[in-house]
Each structure stands twice: as C-alpha cells, then as structure tokens.
Amino acid sequence: VMPKLLVTGVAGFIGGHVARVALLSGLAVRGTVRGTTHGIDKVLTGLEVVRVDLLHDSEAELVAAMSGCTYLAHVASPFPGGDVTDDEMRTALEGTAKVLRAAAAAGVKRVVLTSSVAAIGGSEDKAKGTASRPFTAEDWSPETMPSSYAVSKTRAEKAAWALAGRLGLEMTTIHPSFVNGPLLLPRSPTSTAMAKRILEGSMPAVPAIGMNVCGVQDVAEAHVKAVLDPSTAGQRLIVAAGNLLMTDLAVAIKEAHPGWPIKTARIPWVAMWLYSFFDKQAAGVLPMWKKESYYDVSAAEQLLGRPLQPPMEAALEMAASIIELGVASRPQGAGVGAVKEES
C-alpha cells in the first residue's frame, strides 16, 4: 500500500502543487478543502478530497480526516496576506495547534509545515539579508514588526515548533518568499496580484518595488522531499530564489504578451511617496522600493538536488498561466490584437 499524505488547503495555490508533486512521487494523497473543491479533484487525477474546516471543526473530525495518513503537509493558512487582526492571529495559532494535535492522535509520522521568509527576514538590522550576510535558518523575525502578517507567521511557527516538540512529532518547516509560477486553477491567489495588475494595465505606471521571488514547483517539491526525508526533521528550509523588480517584470511581460495594455512607465519615488498619504496599499509598498533581500538557500537546493528556478522565469510562468486560465481580463479594445479577436 502506498503511504498517504494529507495536504491541508489542497485547492490553494501551493497546496495544489504539493498534492501534484506528491502524486507524481508515488504517494497516495488526501486533500482538505473548507468548502468547494474549486475543481482541484478534476485537475489532479487520483486525489481524494475531504471537506473539513480546520478552524471550526472539532479535533475529532480532524483526526478522522487524517486517519490512515503517514504524512501531513499543513499548507492551509487562514490569512493569505494583508493586515491580520488579533482575532485572526488567535484563530491561526489555535488552528495550527489543533491540526498538530490531531496529527499526533491520528498517528501521523512526519509533518511539514508551510511557514514563510516573513518569519525569518524581518530583522531591523540593515547589515542582515545582504548578499554578503544573507538571512539563514537560524534567523527569526522579531515578534513586533509593522507587518502584522509577518508577526502572525512568526508566532504561528514558534508555537508550532514548541507544540511539535511536546507531542513528539517530527517536523520540518518550508519558508517560501513571494511565490510565483503556473496556476493549476482559474483562481486569483494573493500571489497573482502583481502580474494581474501589470497585464490589465490597472496602474498608470509601475513602481520600482523589489521583492524576493520563488517558483511554486520548487516550493511544492521541497514540501514533498522534506516529508519523505527524515534527516530534514527539525530543519527550516528557505525557498527564496532571488530578487525581482516590478519595473523589470513589466518590461518582460510586455515583451512576452503583446496586445495587452501593459504600461512600463516608471513611477518616480517622490510620486509614490506623495501617493502613499492617500492610498494604504501604496503606503505598504513604499518600504519595498528597490528592496533586495538575500537568503541562504543551500539546504533547499541540496534537498532538491538542483539550483532554484530563476525568479523572472517563475514570474513569467505565472503571467502566462493567468492569461491562459482567464484570470486576467483584457479590457475591451485594449492593445493591438483585441479588435481581431472580437470579430
């Protein structure tokens, strides 16, 4: 009998890819969804889907969902991004704790938990996270940061390690940066926001926002390889391939997809700064102006047996797939190809 992996949040962007890689690796896979499957069971042949609400269902219901599973990939996160209220924070911590207790009760042997570089790279020390002094698995973000998302990820992970220790669960955490790559479903996860805005030309010009990007296939493969390799127990594996400027991405997407109303004009910093007084989203990204952050990814590359996918490649794959799946919509009459297509 093939050992079975339970993937929480299997209809999510990362969860779906974890299930796909696991099935390809010869594991049996059961995935949880909160409500609708969003069609993930149609896309992935052989996937078993169970409906379970990790936050509101009882621990006994979670244990039942995990029965017969050797491995657990806890990918589902109650907050994809943005500000997190204290209430959501508490729910997230309780949700993760409930999932881990259920895993121990169900006899799960190994757990891999999706964390984030947000739990590693939040240090105020300007000398850290540079090319010469990259963030490593030893680094933890402080518990007080302007980003409530980063705080919640940090607290949730610390609580998970403490609990896994008490329960005697073998656990590995995976820390992706900004995840790009092909979508499996026509949904708009938070990660598509950047490519979608560029394609639809919804911004008058592009800000020089810098972010560390990684490919979803690398993230998924790291989850599966970690869960199958007991020597990774206790490790925090960083999957953060490199830095990408939104201005460079806009130029590359425009080249790859003529006929879309892509704007490549750059917003000057001072305009962005002024705009930030009126627009909350602009205020949030101002600190990311031309930002570069570096991480030591040698452990993940060793586990995968290859270098991580280049960030631009992953970002262009995401742009192509949101066009293909109809996630981005081309405004009427936009671009050169629009008229021909409508006739």
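Scroll up to find the structure this text is about.
Nothing here was measured: the structure is a model prediction, and the numbers come from that model. (Residues numbered from 1 in each chain as written. Predicted model: local features only at pLDDT ≥ 70, side-chain atom pairs only at ≥ 80, totals over all residues. Heavy atoms only, no water.)

### Topic: the packing of aromatic side chains
As a reminder of what qualifies: Side-chain rings of Phe, Tyr and Trp (the six-membered ring for Trp) are treated as a pair once their centres are within 6.5 Å; stacked means planes under 30 degrees apart, edge-to-face means over 60, and tilted covers the remaining angles. Helix numbers and strand numbers start at the N terminus; a helix is a DSSP run of H or I with at least 4 residues, a strand a run of E with at least 2. Partly exposed residues are those whose accessible area sits between 20% and 50% of the maximum for their type, while under 20% is buried and over 50% is exposed, using a 1.4 Å probe and protein chains only. The criterion is that NZ of a Lys, or CZ of an Arg, lies within 6 Å of the ring centre and within 35 degrees of the ring normal, and then a charge sits over that ring.
One pass over the full model with this rule turns up 3 aromatic pairs. Arranged with centres 5.4 Å apart and planes meeting at 35°, the rings of F135 and Y295 form a pair that is tilted. Of this pair, F135 sits in the loop between β5 (110-114) and α5 (148-167) while Y295 is found in the loop between α10 (280-285) and α11 (298-304), placing the two residues 160 residues apart along the sequence. The same class applies to F135 and to Y295, which are both buried. Cluster of aromatic residues (ring-pair linked, three or more members): W269, W273 and F277. Taking NZ or CZ as reference, R236 lies 3.6 Å from the ring centre of W140, over its face.

### Observations regarding the sheet that holds strand β8 (residues 210-215)
Under the convention used in this document: Strands pair, by our definition, only if DSSP identifies at least two bridges between them. For helices, the axis comes from a line fit to the C-alpha atoms of the stretch in contact; other axes are also lines fit to C-alpha atoms, and the angle between any two N-to-C directions lies between 0 and 180 degrees.
Read across the sheet, 3 strands follow the order β7-β8-β10 without closing on themselves; strand pairing throughout is mixed. Strands with a single pairing partner mark the edges of an open sheet, and in this sheet they are β7 (178-180) and β10 (242-245). Taking each pair of neighbouring strands and ignoring which way they run, the sheet shows an average axis angle of 55°. Pairing between β7 and β8: 3 bridges, direction parallel. In the strand pairing of β8, F178 is matched with V213.

### Brief notes about the side chain of T232
To keep things clear, this is the line we draw: Residues count as neighbours in contact if any of their non-hydrogen atoms are within 4.5 Å of one another.
Mapping T232 onto the fold places it in the loop between α7 (216-228) and β9 (236-239). Those residues within four positions of T232 in sequence are excluded, and the remaining contacts are R110, M171, T172, A226 and L303.

### Section: a nonpolar patch on the surface
Stated precisely, the cut-off is as follows: Each patch is assembled from residues with relative accessible area greater than 30% and no salt bridge, linking like charges that lie within 9 Å and nonpolar side chains (Val, Leu, Ile, Met, Phe, Trp, Tyr) that lie within 5 Å. In short, Shrake-Rupley with a 1.4 Å probe defines the accessible areas, and a residue's cover is counted only from the protein chains shown. In what follows, salt bridge is the name for a side-chain nitrogen of Lys or Arg lying within 4 Å of a carboxyl oxygen of Asp or Glu.
Side chains of W269, V270, W273, L274, F277 and F278 sit close together on the surface and give an oily, nonpolar patch of about 700 Å² of accessible area. Topologically, W273 is positioned in helix α9 (residues 269-275). Taking the relative accessible area as the measure of exposure, W273 reaches 36% and is therefore partly exposed.

### As for the environment of M246
Of note, M246 is situated in helix α8 (residues 246-256). With 24 residues separating them in the primary sequence, M246 and V270 have C-alpha atoms 17 Å apart. With near-sequence residues (within four places) excluded, M246 lies in contact with M194, I198, M203, V206, P207 and I209.

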